[in-house]
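So the chains spell out like this:
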Amino acid sequence: MIIIAGLGNPGDKYAGTRHNTGFSVIYNISDRYNIPLNKAEHKSLTGRGILEGEKVLLAMPQTYMNLSGDALRLLTDYYEVDPETELIVIYDDISLPVGRLRIRKKGSAGGHNGIKDIIAKLGTDTFARVKVGVGEKPEYMDLADHVLSRFPKDELPLVRESVERAADAVCSILRNGADKAMNDYN
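Criteria and cut-off values
Residues numbered from 1 in each chain as written. Predicted model: local features only at pLDDT ≥ 70, side-chain atom pairs only at ≥ 80, totals over all residues. Heavy atoms only, no water. Helix = DSSP H or I, 4+ residues; strand = E, 2+ residues; numbered from the N terminus. Rg over C-alpha atoms; globule rule 2.2 N^0.38 Å. Buried < 20%, exposed > 50% of the residue type's maximum accessible area, 1.4 Å probe, protein only. Contact = heavy atoms within 4.5 Å. Axes fitted to C-alpha atoms, helices over the stretch in contact; angles between N-to-C directions. Left-handed = near helix turned anticlockwise from the far one by under 90°. Expected span 1.5 Å × (residues − 1). Polar contact = N/O pair within 3.5 Å; in protein donor to acceptor, adjacent residues only side chain to side chain. Core = buried A, V, L, I, M, F, W, Y, C linked by side-chain atoms within 4.5 Å.

**Regarding the overall build of the protein chain**
Per the secondary structure count, the protein chain includes seven helices and seven strands. Each helix (α) and strand (β) of the protein chain, taken in turn from the N terminus, gives the series β-α-β-β-β-α-α-β-β-α-β-α-α-α. Its C-alpha atoms give the protein chain a radius of gyration of 15 Å, near enough to 16 Å, the size a compact globule of 186 residues would have. Seen through its C-alpha atoms, the protein chain measures out along the principal axes to roughly 45 × 30 × 30 Å. Across the 186 residues of the protein chain, 51% fall into the buried class. Partitioning the contacts of the protein chain with sequence separation of at least 6, the portion at a separation of at least 24 is 68%.

Written as structure tokens, this is what we have:
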């Protein structure tokens with residue numbers, strides 16, 4: 001089984017914010033492949049299905065972003081999943097412009113507290129990642145305010161397109177491996 005986890009914060013207050021882009025991609029995959037997100041388990045909202053011939057568990061940690069590692073540790077332990085080969089994490093990245101994607105197989109947290117917690121709790125920085133650009137923080141704005149803000153109306157078409165492309169990138173990782181997906185999407 002492959003765990004595909006999208007990061008975000010639970011609750012209506014955070015829906016549609018930059019920090020919830022990972023949740024948006026999971027919702028897209030769920031809708032597109034008819035995989036209902038209908039089970040609350042291990043501090044996550046999950047759904048099981050088949051994607052590109054693989055058994056997958058879609059997961060949205062409900063721990064708030066900065067504690068995402070708690071949920072992923074519980075899920076990987078319970079399902080006996082090797083994070084280095086059977087985990088894909090999707091999340092927002094402020095170092096990428098809105099609409100850009102970057103796929104990586106390993107690396108540092110790059111200042112992202114959700115990824116920092118996952119690395120600490122899983123004990124590895126080797127797991128597939130799909131980073132979705134949400135734009136740099138304006139100079140006048142606090143980082144937390146930026147990532148918890150909603151996209152302006154003029155960026156919404158680009159955001160929807162990048163969410164679609166991120167879902168496609170996840171499928172590409174499953175179908176062709178991370179190296180090919182990196183060549184196609186980075």
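Moving on from the model shown.
**A short note on the packing of helix H6 (residues 156-176) against helix H7 (residues 178-185)**
At a minimum axis separation of 7 Å, H6 and H7 run at an interaxial angle of 145°. The two elements H6 and H7 meet at a crossing, and its hand is right-handed. Mapping the contact onto sequence places Arg165, Asp168, Ala169, Ser172, Ile173 and Asn176 in H6 and Ala178, Lys180, Ala181, Asp184 and Tyr185 in H7.

**Re unusual backbone geometry**
At asparagine 34, a residue that is not glycine, the phi angle is positive and equals roughly 55°. On the secondary structure map, asparagine 34 appears in the loop between helix H1 (21-32) and strand S2 (39-41). Classification of asparagine 34 as exposed rests on a relative accessible area of 68%. Backbone geometry places tyrosine 64, a non-glycine residue, at a positive phi of 75°. Mapped onto the elements of the fold, tyrosine 64 is located in the loop between strand S4 (54-61) and helix H2 (68-78).

**Some thoughts on H6**
The end-to-end C-alpha separation of H6 is 29 Å, in line with the 30 Å expected for 21 residues at 1.5 Å each. Taken as a whole, H6 has its buried residues at Val159, Ser162, Val163, Ala166, Ala167, Ala169, Val170, Cys171, Ser172, Ile173 and Leu174. One or two steps after H6, the chain reaches glycine 177, where phi turns positive at roughly 90°.

**Things to note about the environment of serine 162**
Mapped onto the elements of the fold, serine 162 is located in helix H6. Along the sequence, serine 162 and glycine 110 sit 52 residues apart, while their C-alpha atoms lie 20 Å from each other. Discounting chain neighbours no more than four positions away, the residues touching serine 162 are Gly99, Leu101 and Val132. A polar contact is formed between the side chain of serine 162 and the backbone oxygen of valine 159, at a distance of 2.9 Å.

**Regarding the nonpolar core**
Formed by 33 residues in total, the largest nonpolar core has its most connected members in Ile4, Ile88 and Val130. Of all the elements in the fold, those that place two or more residues in this core are strand S1 (2-6), H1, S4, strand S5 (87-93), strand S6 (101-106), strand S7 (126-133), H6 and H7. It is H6 that provides the largest number of residues to this core, a total of nine residues. Among residues more than four places away in sequence, those in contact with isoleucine 4 are Ile26, Ile29, Leu51, Val56, Leu57, Leu58, Ala59, Ile88, Ile90, Val170 and Leu174. By size, the runner-up hydrophobic cluster in this structure holds 18 residues, among which are Leu57, Leu87, Val89 and Leu122.

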